[in-house]
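A look at the structure
Chain by chain, the residues run as shown.
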Amino acid sequence: MKKTMFVFDFDGTIADSLHMGIDLYNNHIAKKLRCKKIEKDEIEDLKGKHIYKLLKDHDITLIKFPILLYRLKKLMSQKMEEIPLIDGMKEALISLNKMGYKIGVLTSNNKKNVDAFLNHYELRNLFEFIYSEKNVFGKDKAINKMMKIEKLERIIYVGDETRDIEACKKVEVPIISVGWGFNTSANLKKHDPDYFIEDPKELLEIAETLV
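Summary of the structure given here. Since the structure is predicted, the reported quantities are computational estimates derived from the model, not experimental observations.

Observations regarding the packing of helix H1 (residues 18–29) against helix H4 (residues 64–76)
Their axes nearest at 10 Å, the elements H1 and H4 cross at an angle of 110 degrees. Comparing their axes, H4 and H1 come out roughly perpendicular. In terms of crossing hand, the pair formed by H1 and H4 is right-handed. Contacts from Gly 21, Leu 24, Tyr 25, His 28 and Ile 29 in H1 reach Leu 68, Arg 71, Leu 72, Leu 75 and Met 76 in H4. Taken together, the residues that form the contact of H1 with H4 break down as 7 nonpolar, 2 polar and 1 charged.

The structure is reproduced here in structure tokens:
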């Protein structure tokens, strides 16, 4: 087995869950928490924003946010098999496994949800672990904690948000930013990730350079 381990974010990186998440928020959560709905013509604009700016613009306070996430995860648990897998991701994950790389997940989603999704797409057996962290704003701490619990020496993180880049820089973990998720390619590049890719198959090109 290779020494470097690939640790993936889930929502937006493996699972194409953005549009379902927005629909559930608009139809079941926003009104109850007195937050602003996200309009369809806003979605591309949202991708260029930092999460703090997004929350402020939609009247989502730091007190409301954990409640919102809890309700969203609960609603999504009923629809995990309806969420699309990112195109080309299954083939890339299988290839990484064949190359001898171990794979894990670090997510703010529920472990049960991620398990259901990966089992649906017949991918669960490829993953060594699923580490679920509730604190969305403490990803650097979550990375450190995960590495200690799972006894990981060297990882490369794969994520779709600028906050992933910020967290990885804090803990000196290399990151592969993906251009198909929550934040725009332009915004991700401004934060200077170690690697930037537009297609899952590019993961294999990076993997060939690692040990």
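Some words on the side chain of Asp 164
As for its placement among the helices and strands, Asp 164 is situated in helix H8 (residues 162–171). Judged by its relative accessible area of 0%, Asp 164 falls in the buried class.

Looking at H8
The buried fraction of H8 is high, at 7 of 10 residues. Buried within H8 we find Thr 162, Arg 163, Asp 164, Ile 165, Ala 167, Cys 168 and Val 171. Among the structural elements, helix H3 (51–57), helix H7 (139–149), strand S4 (155–159), strand S5 (175–178) and helix H9 (185–190) are those in contact with the buried residues of H8. A positive phi of about 55 degrees marks Glu 172, the residue just after H8.

Side note on a nonpolar patch on the surface
A cluster of nonpolar side chains, Tyr 52, Leu 62 and Phe 137, forms an exposed patch at the surface whose accessible area comes to about 310 Å². Mapped onto the fold, Tyr 52 is located in helix H3. Overall, Tyr 52 belongs to the partly exposed group, its relative accessible area being 45%.

Comments concerning the nonpolar core
Core analysis: the largest hydrophobic core is formed by 56 residues, its most contacted members being Phe 6, Phe 8, Ile 14, Met 89, Phe 117, Phe 127 and Leu 203. Setting aside residues no more than four positions away along its own chain, Met 89 makes contact with Phe 8, Thr 13, Ile 14, Trp 180, Pro 200 and Leu 203. Of all hydrophobic cores here, the second largest spans 19 residues; its members include Tyr 131, Tyr 157, Ile 165 and Val 171.

Some points on the packing of aromatic side chains
Tallied over the entire structure, the rule returns 4 aromatic pairs. Taking 5.1 Å as the distance between ring centres and 85 degrees as the angle between the ring planes, the aromatic pair formed by Phe 6 and Tyr 101 counts as edge-to-face. Highlighted residues: Phe 6 in strand S1 (residues 5–8) and Tyr 101 in the loop between helix H5 (89–98) and strand S2 (103–107), separated in sequence by 95 residues. Residue classification places Phe 6 among the buried positions, given a relative accessible area of 0%. One aromatic cluster is present, built from ring pairs that chain together Phe 6, Phe 8 and Tyr 101.

What counts as what
- Residues numbered from 1 in each chain as written.
- Predicted model: local features only at pLDDT ≥ 70, side-chain atom pairs only at ≥ 80, totals over all residues.
- Heavy atoms only, no water.
- Axes fitted to C-alpha atoms, helices over the stretch in contact; angles between N-to-C directions.
- Helix = DSSP H or I, 4+ residues; strand = E, 2+ residues; numbered from the N terminus.
- Parallel < 35°, antiparallel > 145°, perpendicular 65-115°, else oblique.
- Left-handed = near helix turned anticlockwise from the far one by under 90°.
- Contact = heavy atoms within 4.5 Å.
- Nonpolar A, V, L, I, M, F, W, Y, C, P; charged D, E, K, R; others polar.
- Buried < 20%, exposed > 50% of the residue type's maximum accessible area, 1.4 Å probe, protein only.
- Patch = residues over 30% accessible without salt bridge, like charges linked within 9 Å, V, L, I, M, F, W, Y side chains within 5 Å.
- Areas by Shrake-Rupley, 256 points an atom, 1.4 Å probe, with all protein chains shown as cover.
- Salt bridge = Lys/Arg side-chain N within 4 Å of Asp/Glu carboxyl O.
- Core = buried A, V, L, I, M, F, W, Y, C linked by side-chain atoms within 4.5 Å.
- Phe/Tyr/Trp six-rings, centres within 6.5 Å; stacked < 30°, edge-to-face > 60°.

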